[in-house]
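Chain by chain, the residues run as shown.
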Amino acid sequence: MSELSHVGVGIIGLGFMGATHYRAYQSAHEAGFQCKVVAVSDRSPERLGGRVDVLGNIETGHGERLFDPTQVRTSKEPRELLSDHRVHLVSICTHTETHVDLAIAALEAGKHVLVEKPVALASGDVRRLAAAVKQSGKLCMPAMCMRFWPGWSWLRERIVDGRYGKVSSATFERLGSAPTWATDFYADVNRSGGSLFDLHIHDADFILWCFGRPREVVSVGSIMHMTTMYRYDPERGPAHVVAEGGQDHAPGFGFRMRYTVAFERATADFDLARTPHLLVHQDGKSVPVELPKGAGYDGQIRHIVDSILGGRDPETLIATIEQAAGVTELLEAERTSIETRSPVQLR
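A quick note: this is a predicted structure, and the numbers were derived from the prediction, not measured.

1. Things to note about the pairing of strand β2 (residues 35-41)
Across the seven residues that make up β2, a large majority, six, are buried. For strand β1 (residues 7-12) and β2, the ladder comprises six bridges, and the chain directions are parallel. Its bridge partner being in β2, glycine 10 is matched across the sheet by alanine 39. Tracing the backbone out of β1, into helix α1 (residues 16-30) and back to the parallel element β2 gives a crossover that is right-handed. Bridge count between β2 and strand β3 (residues 73-75): three bridges; the pairing is parallel. Each residue of the ladder has a partner; that of alanine 39, found in β3, is arginine 73.

Have a look at this one:
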């Protein structure tokens with residue numbers, strides 16, 4: 001069992017995702033979870049002053065003072081945060097190419113880790129982190145927030161419990177404009193991985209979590225806007241699974257996050273832009289599903305805090321680094337399919 005009575009948190013990187021993590025920890029603290037941000041690290045002096053004004057696809061708050069720098073330890077260098085004995089859990093919210101090395105450094109410093117997605121653009125790098133996790137005895141979770149998103153966690157439960165029968169078709173859509181933050185990073189697809197790794201990864205991971213590894217993928221488009229068909233053997237998965245993701249729309253297009261899943265006895269229909277977000281169509285009626293408040297960011301942070309305080313084993317995490325390696329392999333196959341214009345079989 002854990003000997004901790006509370007979790008001291010450090011956040012490395014205070015861009016959009018770092019600020020989102022900070023707010024989620026604060027919300028968890030206010031809800032009674034025993035966690036508090038005690039240290040932050042960022043190369044920007046302005047961000048270390050406590051004000052962060054970055055907008056993303058999902059409204060998570062902006063413009064307010066994020067923290068009081070007299071109450072939270074600030075540093076430009078991550079190693080200073082990692083040496084702080086008050087920090088038990090580190091959120092890594094930096095650019096992708098730094099994730100693995102920072103996560104390994106945090107584990108070696110005796111910290112638990114929540115690392116933003118994508119963990120890396122190469123599955124070999126993710127597996128290097130997975131090996132370090134096994135040696136550390138610490139928890140390390142990829143921030144796959146859709147596994148915790150209200151309406152999406154509900155869908156996973158309905159697939160598992162079979163309330164509406166088997167799934168015959170599942171389609172996912174995630175579309176938006178190019179990010180207006182960290183534009184140099186996102187403009188370089190060799191660093192960001194394009195929409196394939198930045199946006200579409202959410203649906204690829206969710207499909208893998210719900211239905212398992214497909215036999216084959218067929219992807220068309222480009223790494224900035226793709227549609228993938230996931231082919232399963234009849235006894236293993238649905239006959240029709242498709243996901244579209246793209247960030248090539250004009251500014252002002254907005255953000256779309258939807259799914260439509262046909263079961264034997266009902267259809268589940270989620271649209272983030274609609275109220276209510278989730279409808280179940282069954283027997284000629286469309287019934288709204290009441291969903292918990294908050295976002296997947298809140299759920300993932302409360303889960304890892306609870307897991308640390310409960311002394312849980314790494315394998316019990318809802319998302320694991322091994323699973324992150326699996327979704328990276330899936331995205332690598334999709335990228336190959338886009339480039340070769342051919343189906344790609346998964347081993």
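2. Brief notes about the environment of isoleucine 201
Note that isoleucine 201 resides in helix α10 (residues 201-211). Put simply, isoleucine 201 and methionine 144 are 57 residues apart on the chain and 8.9 Å apart in space, counted from C-alpha to C-alpha. If sequence neighbours within four positions are ignored, isoleucine 201 has contacts with Lys117, Pro118, Met144, Ser195, Leu196, Val327 and Leu331.

3. Observations regarding helix α5 (residues 123-136)
Compared with the 20 Å implied by 1.5 Å per residue over 14 residues, the 20 Å span of α5 between its first and last C-alpha is a close match. Within α5, burial applies to Ser123, Val126, Leu129, Ala130, Ala132 and Val133. Buried residues along α5 sit in contact with α4 (99-108), β6 (140-142) and α12 (321-340). Of the residues flanking the end of α5, it is glycine 137, one or two places downstream, whose phi is positive at about 75°.

4. What about the sheet that holds β1?
Strand order in the open sheet formed by six strands is β3-β2-β1-β4-β5-β6, with parallel pairing between adjacent strands. Among the strands making up the open sheet, the edge pair consists of β3 and β6. Sheet twist, expressed as the average angle between the axes of neighbouring strands with direction ignored, equals 20°. Direction of pairing for strand β5 (residues 112-115) relative to β6: parallel, over a ladder of three bridges. If you follow valine 115 over to β6, its bridge partner there is proline 142. The strands touched by helix α11 (residues 296-309) within the sheet are β1, β2, β4 (89-92), β5 and β6, with β5 carrying the most contacts at an inclination of about 165°.

5. Here's the deal with the packing of α5 against α12
Packing of α5 against α12 leaves a shortest axis separation of 9 Å and a crossing angle of 170°. Classified by the interaxial angle, the pair formed by α5 and α12 is roughly antiparallel. Two secondary-structure elements touch here, α5 through Ser123, Val126, Arg127, Leu129, Ala130, Val133 and Lys134 and α12 through Ile321, Glu322, Ala324, Ala325, Gly326, Thr328, Glu329 and Glu332. Looking at the contact of α5 with α12, its residues break down into seven nonpolar, three polar and five charged.

6. Side note on the pattern of salt bridges
A side chain with one charge can pair with a side chain of the opposite charge if their charged atoms come near. Taken as a whole and judged by the stated rule, the model has 21 salt bridges. In this structure, glutamate 77 and arginine 79 form a salt bridge, with 3.6 Å as the shortest nitrogen-oxygen distance. Looking at glutamate 77, the relative accessible area reads 25%, which means it is partly exposed. For arginine 79, a relative accessible area of 60% puts it in the exposed group. Residue glutamate 216 pairs with arginine 231 through a salt bridge whose shortest N-O separation is 2.7 Å. You can see glutamate 216 sitting in strand β8 (residues 216-222) and its partner arginine 231 sitting in strand β9 (residues 225-231), a full 15 residues away along the chain. Using a relative accessible area of 9% as the deciding quantity, one classes glutamate 216 as buried.

Criteria and thresholds
Going along each chain's sequence as written, the residues are numbered from 1 onward. In keeping with the predicted nature of the model, local features appear solely for residues at pLDDT of at least 70, side-chain atom pairs appear and are counted solely at 80 or more, and the whole-chain, interface and lining totals rest on all residues. Calculated side-chain values reflect all of the structure's heavy atoms, with hydrogen atoms and water omitted. The buried label goes to any residue with under 20% of its type's maximum accessible area, the exposed label to any with over 50%, and the partly exposed label to all in between, with areas taken from a 1.4 Å probe on protein chains only. Numbering of helices and strands starts at the N terminus; helices are DSSP runs of H or I of at least 4 residues and strands are runs of E of at least 2. A pair of strands counts as paired when DSSP detects no fewer than two bridges linking them. When the strands point away from the viewer and the path from the first strand over the helix to the second turns clockwise, the crossover is right-handed. Pairs of residues are marked as contacts when any of their non-hydrogen atoms sit within 4.5 Å. By definition here, a helix of n residues has an expected span of 1.5 Å times n minus one. Axes, fitted as lines to C-alpha atoms, cover a helix only where it is in contact. Angles between the N-to-C directions of the axes lie from 0 to 180 degrees. Roughly parallel means an angle under 35 degrees; roughly antiparallel means over 145; roughly perpendicular covers 65 to 115; every other angle is labelled oblique. Three categories are distinguished: nonpolar for Ala, Val, Leu, Ile, Met, Phe, Trp, Tyr, Cys and Pro, charged for Asp, Glu, Lys and Arg, and polar for the others, with Gly belonging to the last. The salt bridge criterion pairs a side-chain nitrogen of Lys or Arg with a carboxyl oxygen of Asp or Glu, the two atoms within 4 Å.

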